[in-house]
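What follows is the residue order along each chain.
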Amino acid sequence: MNVFRLAGDVSHLVAIIILLLKIWWSKSCAGISGKSQVLFALVFTTRYLDLFTIFISPYNTVMKVVFLALSYATVYLVYIRFRNTYDSENDTFRVEFLLVPVIGLSFLEHYAFTPVEILWTFSIFLEAVAIMPQLFMITKTGEAESITTHYLFFLGLYRALYIANWVWRYHTEGFFDQIAVVSGVVQTIFYCDFFYLYATRVLRGKGKMTLPMPI
């Protein structure tokens, strides 16, 4: 494992912990897209079906369990524990517009036509777009709390670090995973505008990040 992969995993974990602590401490999931959290839980579920059948390393197994547990804990907090604070009126992104093409693409572009492999490919493609309901919600409301933007920043940083990881592995091992790389690049592109707003507004201590309201 190289430093970019490790840093990416840590950034991913920090993002999820920030979100969980934000919800728990404030006793509110306002501004959080429950739809995005369900999609991320689906990502981890379909990706880690080999949890009990393939052992790679203690680190790999522990991280799989942690990400699965935290993703479902987040869904529980949003839809059950603090459901009265969930802003369903603004969390209106049509997730079927993501799921249908992702499912279709998973059957067309994969490494082996087996259920586990197709579901793994599905998880990779879905992760690339799972954040869209959250970004749509922020655009719709016109603002996001600083703690929510920190969550999004570390989530985007995780993908950027994984791109560096793939570049490193290609040059040192000759390894290239076309599906993961293309999906990762697409996902990082979604964060580019957010990164700019984060750097120019949030890091300058302006509190909530305000966005132009959609027409």
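All values derive from a computational prediction rather than experimental measurement.

### A few points about the overall build of the protein chain
A count of helical and extended segments in the protein chain gives eight helices and two strands. Secondary structure elements of the protein chain occur, N-terminal to C-terminal, as α-α-α-α-α-α-β-α-α-β. Over its C-alpha atoms the protein chain spans a radius of gyration of 17 Å, differing by no more than 12% from the 17 Å that the globule rule assigns to 215 residues. Along the first, second and third principal axes, the C-alpha set of the protein chain runs to 45 × 35 × 35 Å.

### Structural notes on the confidence of the model for the protein chain
Chain-level pLDDT for the protein chain is 87 on average; 91% of the residues reach the 70-or-more range. Per-residue pLDDT, averaged within each element of the protein chain, yields its smallest value for strand β2 (residues 209–210) (56) and its largest for helix α2 (residues 34–47) (96).

### Notes on the packing of aromatic side chains
On inspection of all chains with the given rule, the structure shows twelve aromatic pairs. With a centroid separation of 6.2 Å and 75 degrees between ring planes, the pair formed by Tyr170 and Phe176 is classed as edge-to-face. Lying across the ring of Trp24, Lys27 places its NZ or CZ 4.1 Å from the centre. The ring of Phe175 has Arg169 sitting right over it, with the charged end atom 3.8 Å from the ring centre.

### What to know about a nonpolar patch on the surface
Side chains of Ile17, Leu21, Trp24 and Trp25 sit close together on the surface and give an oily, nonpolar patch of about 430 Å² of accessible area. Topologically, Leu21 is positioned in helix α1 (residues 3–26). Since its relative accessible area comes to 34%, Leu21 is described here as partly exposed.

Procedures and definitions
- Residues numbered from 1 in each chain as written.
- Predicted model: local features only at pLDDT ≥ 70, side-chain atom pairs only at ≥ 80, totals over all residues.
- Heavy atoms only, no water.
- Helix = DSSP H or I, 4+ residues; strand = E, 2+ residues; numbered from the N terminus.
- Rg over C-alpha atoms; globule rule 2.2 N^0.38 Å.
- pLDDT = per-residue confidence, 0-100.
- Phe/Tyr/Trp six-rings, centres within 6.5 Å; stacked < 30°, edge-to-face > 60°.
- Lys NZ or Arg CZ within 6 Å of the ring centre and 35° of its normal.
- Patch = residues over 30% accessible without salt bridge, like charges linked within 9 Å, V, L, I, M, F, W, Y side chains within 5 Å.
- Areas by Shrake-Rupley, 256 points an atom, 1.4 Å probe, with all protein chains shown as cover.
- Salt bridge = Lys/Arg side-chain N within 4 Å of Asp/Glu carboxyl O.
- Buried < 20%, exposed > 50% of the residue type's maximum accessible area, 1.4 Å probe, protein only.

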